[in-house]
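Chain by chain, the residues run as shown.
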Amino acid sequence: MAARTLPKTDVVIVGAGWTGLAVAKELSAEGQRCVILERGDYRHDAENFGGPEEHDELKYARHKGHMIDTPTKTLSFRNNTSETALPMRRLGSFLPGKGLGGAGIHWNGQLWRPLPSDLNMRTHYTERYGAEILDGMQVQDYGVSYEELEPHFDFFERVCGTAGQAGNVNGEQNDAGNIFEGPRSSEYPNPPMKHSPPQKIFRDTAASMGYHPFPMPSANVTAPYENPYGAQLHPCTYCGFCERFGCGYFAKADPIICIYDTFAEEDPIEIRYRSHVLRVEKSEDGQTATGVTYLDQNGEEVFQPADTVCLNSYALWNVHLMLVSGLGTPYDPETGEGTVGRNYAYQTIAAAGVFFNDEVWSNPFMGAGAMGMTIDDFNGDNFDHTDLGFVGGGYISANQTNGRPINYQPTPPGTPSWGAEWKQAVRENYLHHIGIVCHGSSMPVQGNYLDLDPTYTDDYGQPLLRMTFNFPENDRRMSEYLVGKAEEIARNMDNVRAVSTVNRAAEGDNYSIVPYQTTHNTGGAVMGTDPSTSVVNRYGQMWDHHNVFVFGACLFPQNLGYNPTGPLMGLAYWTIDALKNDYLQNPRPLMDA
Amino acid sequence: MRLTTKSVLLGLPVLFGAALAAPAQDMSEAPRVNELEARLNVDSTLFNATIDEEPSDDMLELGRLVAMGGAENGGSGMACVTCHGANGQGDGAGVFPRLAGLPGWYMYKQLEDYAEGTRPNRIMTGIAQRLTEDEREAVASYYAVVEAPWPGPQAAAPISGDQLQWGGQLAAVGSAEQGIPGCVNCHGPNGTGNPPSVPYLAGQYAEYMSHQLQLWREGTRQNDAMGVMETIASKMTDEDMRAVSAYYARVRPGLESVTPPAPMDDGEVAEIETETSDLLSDVD
Ligand SMILES: Cc1cc2nc3c(=O)[nH]c(=O)nc-3n(C[C@H](O)[C@H](O)[C@H](O)COP(=O)(O)OP(=O)(O)OC[C@H]3O[C@@H](n4cnc5c(N)ncnc54)[C@H](O)[C@@H]3O)c2cc1C
C-alpha cells in the first residue's frame with residue numbers, strides 16, 4: 001500500500017486524452033469532483049505547438065517528440081506464442097501519446113462513425129451468410145446499436161467541428177456523401193475540405209467505375225467554428241503538419257482546445273501532471289475498486305481514493321493496468337478462457353502509389369491530415385462477401401496529408417533507393433504523386449492477445465505488457481483484395497505514368513512493429529453482453545468491479561475498417577450518459593452478469 | 001523634370017486630411033528597372049515577386065509606370081507613389097502601409113479584393129478598380145522587388161514596456177487563455193511573412209496594422225481566403241491589437257538586403273522617366 005493516502009474524490013480519471021477530458025468535462029458538470037492523473041506534462045496549442053518551431057520534421061516526426069519514451073514505458077512483442085517476446089525499444093508501428101491531450105494532439109483528424117453492421121457484426125454476418133463464415137474468428141457484437149450511439153457520434157462530430165458531406169441524413173441519401181453510412185441526425189457542422197487535382201481525378205475515375213466517392217470526414221476544421229462547449233476553432237491552412245505534430249493554428253480539433261480550454265475556474269476538476277498510475281486498488285471483497293495508487297511528481301507513491309474509477313489511459317495501457325491490478329480475469333489463449341487481453345486486433349494498411357506525368361500537379365506541401373477523397377464500397381459489409389474467403393473490409397482513399405521533406409520522397413517502382421537516379425526520380429515525382437490508402441479491418445483470433453511479460457519490466461518495476469500478434473489469414477486476404485481494387489482505380493486514372501503498391505498485411509509476411517502503420521490498437525478489454533467473452537458490459541462498466549468504467553479502443557470486439565476515434569468517442573459519450581443518468585444516482589452493476 | 005509628392009498632391013481631391021501631412025516622397029527614389037532585375041537574381045526575391053510567372057523586365061517596367069501614375073484607363077487617378085512612395089516606404093503617420101517587399105501575389109490579391117469589395121476602402125477600391133488585370137500584376141511585382149529604408153523602432157509611437165512585452169508574447173505564442181494562436185505560426189519567425197500569401201508584419205506601421213485588425217473584427221475586411229484573420233481578430237481586445245502592432249512595428253523588416261549593381265546608363269531608364277512625368281502631369 002502507498003505511503004500516503006489523499007482525501008477521497010468522487011471520480012478518479014487515469015489519462016488526460018480525448019476520453020479522459022470528455023469524462024471530466026461531463027461529470028464535473030454534474031457536480032462530481034474529478035481528479036485526472038496524467039503521467040505527462042501540461043502543454044498547450046498556443047504555447048507549445050506553434051509554427052515554425054513545431055514544423056520540425058526531424059524532432060517530431062522522426063524523433064517522435066510528442067510520443068511515449070520507450071525507455072520508460074514500452075511493451076514487448078512477438079508474432080506468436082512459440083516465440084519469446086522482446087521489448088520494443090524504439091517506436092515504430094504505433095505511436096501512443098503522453099501529456100495533456102494524449103495522442104489526440106498528434107492525430108490526423110480522420111473522423112469516422114462505424115457502419116450499423118459493424119456494431120452487430122456476428123449477428124449481421126450470421127444472418128446474411130450463415131455462421132460458418134466467421135469460423136476460426138472470435139467476432140462479436142458490441143452489445144450496443146448504431147441507433148443508440150448515433151446521438152453521441154453526432155455530438156462528438158460537433159465537438160470537433162467536423163468537416164464533411166453527409167450521405168444519409170435521417171434516411172435521405174445524398175450521392176455527394178457516403179451513401180453507405182448509417183442514418184445521421186444532422187449534416188456535418190462544417191463543409192468538406194478542399195481537394196487537390198489528383199484527388200479530383202480519383203473521384204471522377206472511381207465514379208466512372210460505378211463506385212461512390214465522397215470527401216473524407218475531417219476534424220481539420222474548414223471555417224471559423226464554435227463547438228457545443230463554446231470553444232472557438234479556426235479554419236485549417238493546409239500546412240501539412242497534422243499527424244505526429246500538434247496544431248498551433250487551433251484548426252485541428254484536439255482535446256486541449258475542444259475540451260480542456262472550456263473548463264471553468266469553478267469546475268470541480270483537478271489535473272495532476274507527472275502522475276503515473278501504477279495500479280487500481282480493490283476493496284477487500286474484490287467487488288469494487290477503492291481508488292488508484294500512483295507515483296506523484298516527486299516520485300512518491302500515493303493513494304487516491306475515489307468512488308468511481310475511470311480508465312482512460314489508451315487502449316493498450318488500460319489493459320496493462322487491469323492486468324497489473326488483478327482486475328478481471330486474464331485471457332488464456334490455450335483454453336480460450338478469461339477475458340482481459342482477449343481479442344486484441346490491429347488495422348491492415350496497404351496502398352497504391354500513383355505517379356502522374358507533368359499534366360497533373362499534386363503540390364503535396366499543401367495537405368491536411370484528413371484531406372482525403374474516399375470510397376466506402378469495399379468497407380464492412382457494404383459488398384457481397386459470398387465466396388470471397390474473408391469478412392470485413394476497409395475504405396480506399398486518395399489522401400494528401402503532407403509533403404514533408406524527410407519522409408515524403410515518392411519514387412516509382414524500379415527506382416534505386418539511393419544515388420543520382422534516386423534524386424532525379426524524387427525531383428521528377430515529388431509534385432506529381434498521390435497515395436491511395438486501403439485502411440482495413442482486423443478480426444480477432446484465439447492466438448492474438450495481450451498479457452504480462454514473464455521476463456521484462458518497465459521503469460516502475462512492473463512487468464511489461466506483452467503483445468502477441470500476427471495478421472490472421474482473413475485479414476491478409478481482405479487486404480490483398482482491397483489493394484487490388486485501389487490499383488485498378490489507379491490504373492484507370494488519366495495521365496498516370498506508374499503505379500506502385502505496398503501491403504503491410506501481405507500473405508506470407510509477418511506483422512512487423514517496425515514500419516509505422518497506425519495507432520489503432522484495439523481490443524483487450526472488449527465490451528459485450530456476455531461476461532465470458534467481454535471485460536465490460538454494454539455500458540463500458542467492468543463486469544467484475546462495477547465502479548470501474550473503461551474507455552477507448554480496447555472496447556472494440558474487433559477492429560473496424562475505420563479510424564477509431566469517432567467510434568470510441570461515441571462509446572465514451574454513451575458511457576458518460578449511463579453514468580450521469582443512471583449509475584451515479586444508484587451505483588450498482590448496470591447489467592446482470 | 002523632378003517630380004515630388006508635393007506637386008502631385010496638388011491635384012488630389014482632399015479626401016484625407018492627415019495624408020497631406022505625409023512626408024514628401026521623392027520620385028527619384030524610384031529604382032531603375034535594371035536594378036530591380038538584378039535583385040531577382042536572389043531566389044527569395046524572385047519567389048516573392050512571382051505572381052503567375054516570373055516577372056519580366058517588361059512587367060517591371062509597366063509596374064514602375066503604374067506606380068508613377070501611368071495606367072491604361074487614364075491612370076488610376078492617383079499615382080501609388082503619392083501615398084506609398086516610389087520605393088514602397090509608405091507613410092510614417094501609418095495611414096499608408098509599407099509595400100516594399102510585400103509578396104507580389106499577396107499585393108495582387110489585395111488589389112483584386114479592393115476592386116471586388118471584399119476589402120472595401122474608400123481610397124484603394126476606386127484606384128484598384130481602374131487598373132487592368134495586367135497593371136495590377138505588374139505593380140504588385142514592382143513593389144515586391146523594391147527596397148525601402150526602414151524608419152526604425154524610434155519612429156513608432158511610444159508605448160509602455162508592459163504593453164510591448166504583451167505584444168511580443170502575442171506574436172510569439174499567442175494566448176492560451178484567449179485561444180489566440182501566435183502570429184509566428186503564419187507570419188514567420190520574425191514576422192517577416194510567408195510568401196506568396198502571408199504578408200510581413202515586421203516593420204509595418206502600427207496604426208495601419210491595428211486598424212486592419214479592427215476591420216477584420218468588425219467584418220469590414222473579409223478577404224482572407226480561409227477566414228483565419230477574422231477568427232483571430234474576433235478574439236482580440238483593442239489593447240491586444242495595439243500591443244501586437246506596436247511590437248511588430250519595432251521589428252526590423254526581413255527582406256535580405258541585396259546590393260544592386262551600379263546602374264547601367266543605357267538610356268532605357270531615362271526614357272521611362274520622361275514617359276512617367278508625362279503621365280503624371282495628367283494628375284495635376
Ligand atoms: C500518429 C497518430 C495518428 C492518428 N490519427 C488518427 C486519425 O486520423 N483518426 C482517428 O480516428 N484516430 C487517429 N489516431 C488515434 C487517436 O489518437 C486515438 O484513438 C485517441 O487519441 C485515443 O484517445 P484515448 O483517450 O483513448 O487515449 P490517449 O489520447 O492516448 O490518452 C491517454 C492518456 O493517458 C495517459 N496515461 C497512460 N498511462 C497512464 C498511467 N499509467 N498513468 C497516468 N496517465 C497515463 C497518457 O499519457 C495519455 O495522455 C491517431 C493516433 C496517432 C498516434
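Predicted model only: the values in this text are computed from it and were never measured.

### Quick look at the overall build of chain B
The helix and strand inventory of chain B stands at 15 helices and zero strands. Sorting the 284 residues of chain B into buried and exposed places 56% on the buried side. The contacts of chain B with a sequence gap of at least 6 include a subset with a gap of at least 24, amounting to 73%. For chain B, the exposed area adds up to about 12,400 Å²; of that, 52% sits on carbon and sulfur atoms.

### A look at the pattern of salt bridges
Residues and elements named next belong to chain A. One pass over the structure, following the stated rule, counts 29 salt bridges over all chains. For R279, the salt bridge goes to E301, with nearest N and O atoms at 3.1 Å. Taken together, the positions of R279 in strand β12 (residues 276-282) and E301 in strand β14 (residues 301-311) put the pair 22 residues apart, joining distant regions of the chain. For E301, a relative accessible area of 28% translates into the label partly exposed. Here D451 and R466 are joined by a salt bridge, their closest N and O atoms 2.7 Å apart. With D451 in strand β19 (residues 449-457) and R466 in strand β20 (residues 463-468), this residue pair connects regions lying 15 residues apart in the sequence. Sharing partners across several salt bridges, the network here consists of R113, E150, D154, E157, R158, E181 and R184.

### Regarding the pairing of β20 of chain A
Residue and element names in this part refer to chain A. Where burial is concerned, most of β20 is hidden: five out of the six residues are buried. Bridging between strand β4 (residues 75-78) and β20 involves four bridges; their strand directions are parallel. Directly across from S76, in β20, lies its bridge partner R466. Where β19 lies against β20, five bridges are found, and the strand directions are antiparallel. From the neighbouring strand, D451 faces β20, where its bridge partner is R466. Counting the residues in the hairpin turn of β19 and β20 gives five residues, including G461, whose phi is positive at 85°.

### Structural notes on the nonpolar core
A general feature of soluble globular proteins is that nonpolar side chains tend to end up buried together. Counting residues in each nonpolar core, the largest one holds 123 residues, and the members touching the most others are W18, I259 and Y573 of chain A. With nine residues, helix α12 (residues 565-581) of chain A is the single largest residue contributor to this core. In contact with Y573 of chain A, other than residues within four places in its own chain, are A22, E26, H152, F155, F156, V159, Y229 and I259 of chain A. Counting 40 residues, the second-largest nonpolar core is a separate cluster that includes L40, Y108, M124 and Y143 of chain B.

### Quick look at the site of the ligand
Residues and elements named next belong to chain A. Around the ligand sit 37 residues in total, of which T19, E38, Q110, V277 and T565 are the nearest. At 2.8 Å, a side-chain N or O of T19 approaches an oxygen atom of the ligand. Take G99: an N or O atom from its main chain is 3.2 Å from an oxygen atom of the ligand. Contributing elements (two or more residues each) for the shell around the ligand: α1 (18-28), β12 and α12.

### Description of the UniProt feature "domain: FAD-binding" (unreviewed entry) in chain A
Taking the numbering used here, the UniProt-annotated feature "domain: FAD-binding" (unreviewed entry) corresponds to residues 8-41 of chain A. As a span, residues 8-41 of chain A carries 32% helix and 29% strand, and end to end its C-alpha atoms are 23 Å apart.

### Quick look at the UniProt feature "domain: Cytochrome c" (unreviewed entry) in chain B
Per the UniProt record, the feature "domain: Cytochrome c" (unreviewed entry) sits at residues 64-147 and 169-252 of chain B. What you have in residues 169-252 of chain B is 48% helix and 0% strand, and the ends, taken at the C-alpha atoms, are 17 Å apart.

### Some words on the UniProt feature "domain: Glucose-methanol-choline oxidoreductase C-terminal" (unreviewed entry) in chain A
As annotated in UniProt, the feature "domain: Glucose-methanol-choline oxidoreductase C-terminal" (unreviewed entry) corresponds to residues 446-572 of chain A in the numbering used here. Overall, residues 446-572 of chain A shows 22% helix and 20% strand. The separation of its end C-alpha atoms is 27 Å.

### Some points on empty space enclosed by the protein
Residues and elements named next belong to chain A. Throughout the structure, instances matching the rule amount to three cavities of 30 Å³ or more. Lining the largest cavity are 19 residues; nearest its centre among them are W112, N178, E181, R184 and Y188. Contributing elements (two or more residues each) for the lining of the largest cavity: α6 (146-159) and β8 (214-215). Class assignment of the residues belonging to the lining of the largest cavity gives a composition of 10 nonpolar, four polar and five charged.

### Quick word on the interface of chain B and chain A
Taken together, the contact between chain B and chain A spans 16 residues of the former and 21 residues of the latter. Across the interface of chain B and chain A, roughly 1,400 Å² is buried in total on both sides, 64% from carbon and sulfur atoms. Counting the surface chain B buries against chain A, the share from its top three residues, A176, N185 and M226 of chain B, is 39%. Linking chain B with chain A are zero salt bridges, by the criterion used here. Linking chain B to chain A there are five residue pairs in polar contact (both at pLDDT 80 or more).

### Topic: the environment of A425 of chain A
Examined against the element boundaries, A425 of chain A turns out to sit in helix α10 (residues 419-429). Those residues in contact with A425 of chain A that lie beyond four places of it in its chain are P410, T411, P412 and T415 of chain A.

### Re unusual backbone geometry
A cis amide bond links G51 of chain A to the next residue, P52 of chain A, at an omega of 0°. By the secondary structure assignment, P52 of chain A is in the loop between α2 (45-48) and α3 (57-62). Cis geometry is adopted by the peptide bond preceding P196 of chain B, which originates at P195 of chain B and carries an omega value of 10°. Within the element layout of this structure, P196 of chain B appears in the loop between α11 (184-187) and α12 (206-217). One non-glycine residue with positive phi stands out, namely N170 of chain A, at about 50°. For N495 of chain A, which is not a glycine, the phi torsion comes out positive at approximately 65°.

### Overview of the packing of helix α10 (residues 161-173) of chain B against helix α14 (residues 238-249) of chain B
Residue and element names in this part refer to chain B. Running from N to C, α10 and α14 cross one another at 85°; their axes reach a closest spacing of 7 Å. Relative to α14, the element α10 is oriented roughly perpendicular. Contact residues: Q163, L164, W166, G167, G168, L170 and A171 in α10; E239, D240, R242, A243, V244, A246, Y247 and Y248 in α14. A breakdown of the residues in the contact of α10 with α14 according to their chemical character gives nine nonpolar, three polar and three charged.

### Overview of the sheet that holds strand β16 (residues 372-375) of chain A
All names here are of chain A. One open sheet holds the six strands; their spatial order is β8-β16-β17-β18-β15-β21, and the pairing between them is antiparallel. Every other strand in the sheet has two partners, leaving β8 and β21 (496-503) as the edge strands with one partner each. Here strand β15 (residues 348-356) runs beside β21; their pairing, made up of seven bridges, is antiparallel. Considered in β21, the bridge of V354 is made with V499. Strand contacts of helix α7 (residues 197-208): β15, β16, β17 (394-399) and β18 (433-440), with the helix running at about 15° to β16, the strand carrying the most contacts.

Calculation notes
- Residues numbered from 1 in each chain as written.
- Chains lettered and ligands numbered in written order.
- Predicted model: local features only at pLDDT ≥ 70, side-chain atom pairs only at ≥ 80, totals over all residues.
- Heavy atoms only, no water.
- Helix = DSSP H or I, 4+ residues; strand = E, 2+ residues; numbered from the N terminus.
- Buried < 20%, exposed > 50% of the residue type's maximum accessible area, 1.4 Å probe, protein only.
- Contact = heavy atoms within 4.5 Å.
- Areas by Shrake-Rupley, 256 points an atom, 1.4 Å probe, with all protein chains shown as cover.
- Salt bridge = Lys/Arg side-chain N within 4 Å of Asp/Glu carboxyl O.
- Pairing = 2+ DSSP bridges.
- Core = buried A, V, L, I, M, F, W, Y, C linked by side-chain atoms within 4.5 Å.
- Near = heavy atom within 4 Å.
- Polar contact = N/O pair within 3.5 Å; in protein donor to acceptor, adjacent residues only side chain to side chain.
- UniProt positions renumbered as here; feature names shortened; annotations may be inferred.
- 1 Å grid on protein atoms, 1.4 Å probe; cavity = no way out; pocket = protein on both sides within 12 Å on 5 of 7 lines; lining within 4 Å.
- Points joined across faces, edges and corners; volume = space filled by probe spheres on them.
- Nonpolar A, V, L, I, M, F, W, Y, C, P; charged D, E, K, R; others polar.
- Buried area = accessible area lost by both parts, 1.4 Å probe.
- Axes fitted to C-alpha atoms, helices over the stretch in contact; angles between N-to-C directions.
- Parallel < 35°, antiparallel > 145°, perpendicular 65-115°, else oblique.

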